Amino acid sequence: MPALVLLGAQWGDEGKGKATDLLGGSVDYVVRYQGGNNAGHTVVVGDQKYALHLLPSGILSPGCTPVIGNGVVVDPSVLFSELNGLNERGVDTSKLLISGNAHIITPYNVTVDKVTERFLGKRKIGTTGRGIGPTYADKINRVGIRVQDLYDESILTQKVEAALDVKNQILTKLYNRRAIAVDQVVEELLAYADKLAPYVADTVLVLNQALENDKVVLFEGGQGTLLDIDHGTYPFVTSSNPTAGGACTGAGVGPTKISRVIGILKAYTTRVGSGPFPTELFDEDGEALRRIGGERGVTTGRDRRCGWFDAVIARYATRVNGLTDFFLTKLDVLTGWEQIPVCVAYEIDGKRVEELPYSQSDFHHAKPVYEMLPGWSEDISKAKSFSDLPKNAQDYVKALEEMSGAPISAIGVGPGRDETIEINSFL
Ligand code: GDP
Ligand code: IMO
Ligand code: MG
């Protein structure tokens, strides 16, 4: 059963967009199963660069059907601006399917995200401000608005009323903001109904029938393992499950159908927003990784925090996702360092710890224990096979593989589709 999950093994921005696009030509469906337009996935095709936020990266592969699953939160204004942007560049987006059960990011969810962050001050999460957390909160509180609600004005009005009932109290009395009018929201949402209609489908049925007919389905995660609401560095996380199990709930496909789980792993580490990050660098090495790796957020334009590779995190990602493979990205960025530190364990309150501690306080105190690996200076961006890599680069990859607990089946040596070394085929 060819169903693959492709997800971030660290804190996001590992290169999921590139990896998905690379496989897009050989798969029938690419499915987003969680998150929303907090994601920023970059795909480089020839001299064209695309930044996708809500749409699955498979949208750039003509034979592939892109699907937005029930677990995704959809901001309709972002959806249409992204679709228009692609159409203007000649990309056919007509095959897109959107689950009628996906929740809608309403304007008030975006407002609540922004005011909550402002209210938190120094304790803020550093969210993308796209309304992601408040929309999932409404879903769990059973006051969310779903795509299908746009097709029944009376139900939509009642649901918006229910959602704003409490929110307006909070906005006016706690945050000193103006109340949001129900009619205005309903009108704004209804304006999308007709435009959305051609895309809305029972995606659970479509995907399960596709799998029964031996079609190849790729589930594309947004964010990363350490940003997972259950398995990440809570509370500095996103509000959904990017980990492998999220693909089942967020697309309505049973775990027995998943044949392969691929973790996208950057050859060093980055993080955007607040929260602990043991291998973070505050020196010129961190600055160099940011500059050479182009580590600036695709969604918010914020500089990404940069640090050395952390094998404790990679091992953890293998465990909580049941990874079968890694796709190691951005190895080319490490070219030029004489020695490359790799974090092999943590020291927490004087004790060596090999696995990610479950306790938040312990993780906040974790200091990286580094092993130095010899670097290389040769340009590796043209390497097509593992043997084209200089010996020290090969040894770096082998060491990471050994520490991380799953085979490295592909290596990225540049942002382009063809700048990839394939070791084991994913299909
Ligand atoms: P995503 O959110 O996981 O899809 O990753 P982003 O697109 O936010 O960030 C990854 C960045 O690295 C993008 O600018 C990609 O074009 C780029 N990239 C991906 N793989 C490679 C690689 O192997 N080498 C280099 N140099 N850049 C890469
Ligand atoms: P991709 O898919 C990196 C981070 C935010 C913030 C936290 C919560 O491109 O890897 P949210 O807006 O989701 O409530 O913010 O999660 N974050 C990401 N960091 N890459 C992403 O997506 C992210 N999506 C959310 O910076 O720390
Ligand atoms: Mg990104």
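This structure is a prediction, so every number in the text was calculated from the model and none was measured.

Asks: Explanation requested: the site of ligand 1 in the structure shown.
Replies: For ligand 1, the set of nearby residues contains 19 residues, the closest of which are Lys16, Gly17, Gly40, Thr42 and Asp332. Aspartate 13 is positioned with one of its side-chain polar atoms (N or O) 3.0 Å from an oxygen atom of ligand 1. A distance of 3.2 Å separates a nitrogen atom of ligand 1 from a polar backbone atom of glycine 414. In isolation ligand 1 exposes 580 Å². Once the protein is present, 93% of that is buried. Using a 2 Å cut-off from the grid points, one finds that ligand 1 occupies the second largest pocket. Elements represented by at least two residues in the shell around ligand 1 include exactly helix 1 (16–24) and strand 3 (41–45). No other element matches the three residues that helix 1 contributes to the shell around ligand 1. Considering only residue class, the shell around ligand 1 consists of four nonpolar, eight polar and seven charged.

Asks: Hey, could you run me through unusual backbone geometry in this one?
Replies: Peptide bonds are, in most cases, trans, and in most cases residues other than glycine have a negative phi. Following tyrosine 234, the chain continues into proline 235 via a peptide bond in cis, with omega recorded as 5 degrees. Among the structural elements, proline 235 can be located in the loop between strand 10 (217–220) and helix 9 (244–251). Look at glutamine 223: it is not a glycine, yet its phi comes out positive at around 55 degrees. Even without glycine at this site, aspartate 349 takes up a positive phi of about 45 degrees. Secondary-structure assignment places aspartate 349 in the loop between strand 16 (339–348) and strand 17 (351–353).

Asks: Would you mind going over the pairing of strand 4 (residues 48–52) with me for this structure?
Replies: The side chains of a regular strand alternate between both faces of the sheet. Taken together, the five bridges between strand 3 and strand 4 define a ladder with antiparallel strand orientation. By the bridge assignment for strand 4, valine 45 is matched with glutamine 48. Connecting strand 3 to the next strand, strand 4, in antiparallel fashion are two residues, including glycine 46 with a positive phi near 60 degrees.

Asks: Please clarify how the domain arrangement of the chain should be interpreted in this entry.
Replies: In many reports, interface size means the accessible area that the parts give up when they come together. For the chain, the domain assignment lists domain 1 (3–93 + 202–422) and domain 2 (103–196). Between the C-alpha centres of domain 1 and domain 2 there is a distance of 29 Å. For the pair domain 1 and domain 2, the two sides together bury roughly 1,800 Å², of which 61% comes from carbon and sulfur. Together, Val73, Pro76 and Phe80 form the three largest contributors to the area buried by domain 1 at its contact with domain 2, with a combined 30%. The interface formed by domain 1 and domain 2 holds zero salt bridges in total. The interface formed by domain 1 and domain 2 includes nine residue pairs in polar contact (both at pLDDT 80 or more). Secondary-structure elements contributing two or more residues to the side of domain 1 that touches domain 2 are strand 6 (73–74) and helix 2 (76–88). Top contributing element to the side of domain 1 that touches domain 2 by residue count: helix 2, with four residues. In terms of residue class, the side of domain 1 that touches domain 2 is made up of nine nonpolar, 15 polar and two charged.

Asks: Quick question: what am I supposed to make of the packing of aromatic side chains here?
Replies: A ring pair, where both rings are aromatic, is described by two values, the distance of the centres and the angle of the planes. Taken as a whole and judged by the stated rule, the model has seven aromatic pairs. Cation over ring: lysine 195 sits above phenylalanine 80, and NZ or CZ is 4.3 Å from the ring centre.

Asks: Please clarify how the layout of surface pockets should be interpreted in this entry.
Replies: Remark: the empty space left among the atoms is shown by a probe the size of a water molecule rolled over them. Empty space within the largest pocket amounts to approximately 1,000 Å³. Of all the secondary-structure elements, those providing two or more residues to the lining of the largest pocket are helix 3 (107–120), helix 4 (132–140) and helix 5 (153–174). When residues of the lining of the largest pocket are assigned to domains, at least three fall in each of domain 1 (3–93 + 202–422) and domain 2 (103–196). Estimated volume of the second largest pocket: approximately 640 Å³.

Asks: What exactly am I supposed to notice about the site of ligand 2 here?
Replies: Not every one of the 20 residues close to ligand 2 is listed here, only the nearest: Lys16, His41, Thr128, Gln223 and Thr238. Here an oxygen atom of ligand 2 sits 2.7 Å away from a polar atom, N or O, in the side chain of lysine 16. The side chain of threonine 128 places a nitrogen or oxygen atom 2.6 Å from an oxygen atom of ligand 2. Starting from 550 Å² of accessible surface for ligand 2 in isolation, the protein chains cover 97%. When each cavity is represented as a set of grid points, ligand 2 is found to reside in the largest pocket. Split into classes, the residues belonging to the shell around ligand 2 amount to six nonpolar, 11 polar and three charged. Two domains each donate at least three residues to the shell around ligand 2, and these are domain 1 (3–93 + 202–422) and domain 2 (103–196).

Basis of the calculations
- Residues numbered from 1 in each chain as written.
- Chains lettered and ligands numbered in written order.
- Predicted model: local features only at pLDDT ≥ 70, side-chain atom pairs only at ≥ 80, totals over all residues.
- Heavy atoms only, no water.
- Near = heavy atom within 4 Å.
- Polar contact = N/O pair within 3.5 Å; in protein donor to acceptor, adjacent residues only side chain to side chain.
- Areas by Shrake-Rupley, 256 points an atom, 1.4 Å probe, with all protein chains shown as cover.
- 1 Å grid on protein atoms, 1.4 Å probe; cavity = no way out; pocket = protein on both sides within 12 Å on 5 of 7 lines; lining within 4 Å.
- Sits in = over half its atoms within 2 Å of the grid points.
- Helix = DSSP H or I, 4+ residues; strand = E, 2+ residues; numbered from the N terminus.
- Nonpolar A, V, L, I, M, F, W, Y, C, P; charged D, E, K, R; others polar.
- Pairing = 2+ DSSP bridges.
- Domains from an automatic or database assignment.
- Buried area = accessible area lost by both parts, 1.4 Å probe.
- Salt bridge = Lys/Arg side-chain N within 4 Å of Asp/Glu carboxyl O.
- Phe/Tyr/Trp six-rings, centres within 6.5 Å; stacked < 30°, edge-to-face > 60°.
- Lys NZ or Arg CZ within 6 Å of the ring centre and 35° of its normal.
- Points joined across faces, edges and corners; volume = space filled by probe spheres on them.

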